[in-house]
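An overview of the molecular structure
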Amino acid sequence: MDAFTAGLLQRIKATQSDLSKARETGDDYLADVEQAELEDLQRLAAEHGVPVSAA
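Now for a description of the structure that goes with this document. (Residues numbered from 1 in each chain as written. Predicted model: local features only at pLDDT ≥ 70, side-chain atom pairs only at ≥ 80, totals over all residues. Heavy atoms only, no water.)

Side note on the packing of helix H1 (residues 3-25) against helix H2 (residues 28-47)
Between H1 and H2, whose axes approach to 9 Å, the crossing angle comes to 155°. Viewed along their axes, H1 and H2 adopt a mutual orientation that is roughly antiparallel. Note on packing geometry: the crossing formed by H1 with H2 is left-handed. Residues Phe-4, Leu-8, Arg-11, Ile-12, Thr-15, Gln-16, Asp-18, Leu-19, Ala-22 and Arg-23 of H1 pack against Leu-30, Ala-31, Glu-34, Gln-35, Glu-37, Leu-38, Leu-41, Leu-44 and Ala-45 of H2. Broken down by class, the residue content of the contact of H1 with H2 amounts to eleven nonpolar, three polar and five charged. (Axes fitted to C-alpha atoms, helices over the stretch in contact; angles between N-to-C directions. Helix = DSSP H or I, 4+ residues; strand = E, 2+ residues; numbered from the N terminus. Parallel < 35°, antiparallel > 145°, perpendicular 65-115°, else oblique. Left-handed = near helix turned anticlockwise from the far one by under 90°. Contact = heavy atoms within 4.5 Å. Nonpolar A, V, L, I, M, F, W, Y, C, P; charged D, E, K, R; others polar.)

Pasting the structure below:
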């Protein structure tokens, strides 16, 4: 696995965790921000053929 793929998967994992925490604490604004970030990262992964299920 190259550095780009590893970094991208790590960012996805961290963003998923942050999104869960935001939802658990009821921070709707932060949850929206994290959801948008996650969607951007997933789009980037798809564009580069990185399987997100590995995150």
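Once the structure has been displayed, the description carries forward.
Overview of H2
Here H2 spans 29 Å end to end across 20 residues, near enough to the 28 Å set by a 1.5 Å rise per residue. Three or more residues of H2 are buried, namely Ala-31, Glu-34, Leu-38, Leu-41 and Ala-45. Within H2, the buried residues cover an arc of 90° as seen down the axis, which keeps them to one side. The exposed residues of H2 that point more than 90 degrees off its buried face are Asp-28, Tyr-29, Asp-32, Ala-46 and Glu-47. Each element contacted by the buried residues of H2 is listed here: H1. Following H2 by one or two positions, Gly-49 has its phi on the positive side, about 70°. (Expected span 1.5 Å × (residues − 1). Buried < 20%, exposed > 50% of the residue type's maximum accessible area, 1.4 Å probe, protein only. Arc of directions from axis to C-beta.)

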